[in-house]
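Notes for the structure review
Chain residues, written in single-letter form:
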Amino acid sequence: MALIAASIRRERERVGLSMAELARRAGIAKSTLSQLEAGAGNPSVETLWALGVALDVPFSRLVDPPRPVVRVIRAGEGPVTHSERADYAATLLASCPPNARRDIFRIEAQPGETRASDPHMPGTVEHLLLGAGRALAGPTEAPVELLPGDYVSYPGDAPHVFRALEPGTLAVIVMEHI
């Protein structure tokens, strides 16, 4: 129940609704919503569906545990789809959530100073795929060492770093703004 309570509160705050407004849109009593957000209620499937519709999120977003904040996919890992006609394989690294905007950057870096980034606007997530070389990237307090083909995602709205560990380091960074 704590997971559902946190999910309802997180999604309500994400869209900027008051408890009263969300309760009205979902057709439930404000006191019921208050109990649910406090972890004291036991919502029916119908109540969760109504909240999902009012929040414009899938039912699963209210009952699934949240994704890890930092996600690493090593080269050779992840869901792969192969072509029937060519020597081609596509690995899904991240799908775009609704109402998101993405900016894509190619990074060329050499060993030396760490590139420290201040937090970007709230809700920003960075996706980084290392193409060549070796790098240290991610949250300032816990960067991850990456090899060619490795992928990492991390909050871009918190301090983060990128440091080339080998000459000729190349990467692609996708900044997702929600």
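Quick caveat, the model's predicted, so the values are computed rather than measured.

**As for the nonpolar core**
Grouped together as the largest cluster of nonpolar side chains are 15 residues, with contacts concentrated most on Ile8, Leu22, Ile28, Leu33, Leu51, Leu55 and Leu62. Within the residue set of this core, elements represented by two or more residues are helix H1 (2–15), helix H2 (19–26), helix H3 (30–37) and helix H4 (45–55). Element by element, the count of residues in this core is highest for H4, at 4 residues. Beyond its immediate chain neighbours, meaning those up to four positions away, leucine 33 contacts Ile8, Met19, Leu22, Ala23, Ile28 and Leu51. By size, the runner-up hydrophobic cluster in this structure holds 14 residues, among which are Leu146, Val152, Ile173 and Met175.

**Comments concerning H1**
For H1, spanning 14 residues, the distance from its first C-alpha to its last is 20 Å, which sits close to the expected 20 Å at 1.5 Å a residue. By the burial criterion, the buried members of H1 are Ile4, Ala5, Ser7, Ile8, Glu11 and Arg12. Mapping the buried residues of H1 onto a view down its axis gives an arc of 165°, with all of them on the same face. The outward face of H1, more than 90 degrees from its buried face, is lined by the exposed residues Ala2 and Glu13. Buried residues along H1 sit in contact with H2, H3, H4 and helix H5 (60–63). Glycine 16 sits one or two positions beyond H1 and adopts a positive phi of about 75°.

**Thoughts on H2**
Every buried residue of H2 is accounted for by Leu22, Ala23 and Ala26. For H2, the angular spread of buried residues about the axis comes to 100°, placing them on one side. Buried residues in H2 make contact with H1, H3 and H4.

**Quick word on a nonpolar patch on the surface**
Residues Ile104, Leu129 and Val172 make up a contiguous nonpolar surface patch of about 250 Å² in total accessible area. Mapped onto the elements of the fold, isoleucine 104 is located in strand S4 (residues 101–109).

Parameters at a glance
- Residues numbered from 1 in each chain as written.
- Predicted model: local features only at pLDDT ≥ 70, side-chain atom pairs only at ≥ 80, totals over all residues.
- Heavy atoms only, no water.
- Core = buried A, V, L, I, M, F, W, Y, C linked by side-chain atoms within 4.5 Å.
- Buried < 20%, exposed > 50% of the residue type's maximum accessible area, 1.4 Å probe, protein only.
- Helix = DSSP H or I, 4+ residues; strand = E, 2+ residues; numbered from the N terminus.
- Contact = heavy atoms within 4.5 Å.
- Expected span 1.5 Å × (residues − 1).
- Arc of directions from axis to C-beta.
- Patch = residues over 30% accessible without salt bridge, like charges linked within 9 Å, V, L, I, M, F, W, Y side chains within 5 Å.
- Areas by Shrake-Rupley, 256 points an atom, 1.4 Å probe, with all protein chains shown as cover.
- Salt bridge = Lys/Arg side-chain N within 4 Å of Asp/Glu carboxyl O.

Don't take any of this as a statement about function, it's just geometry.
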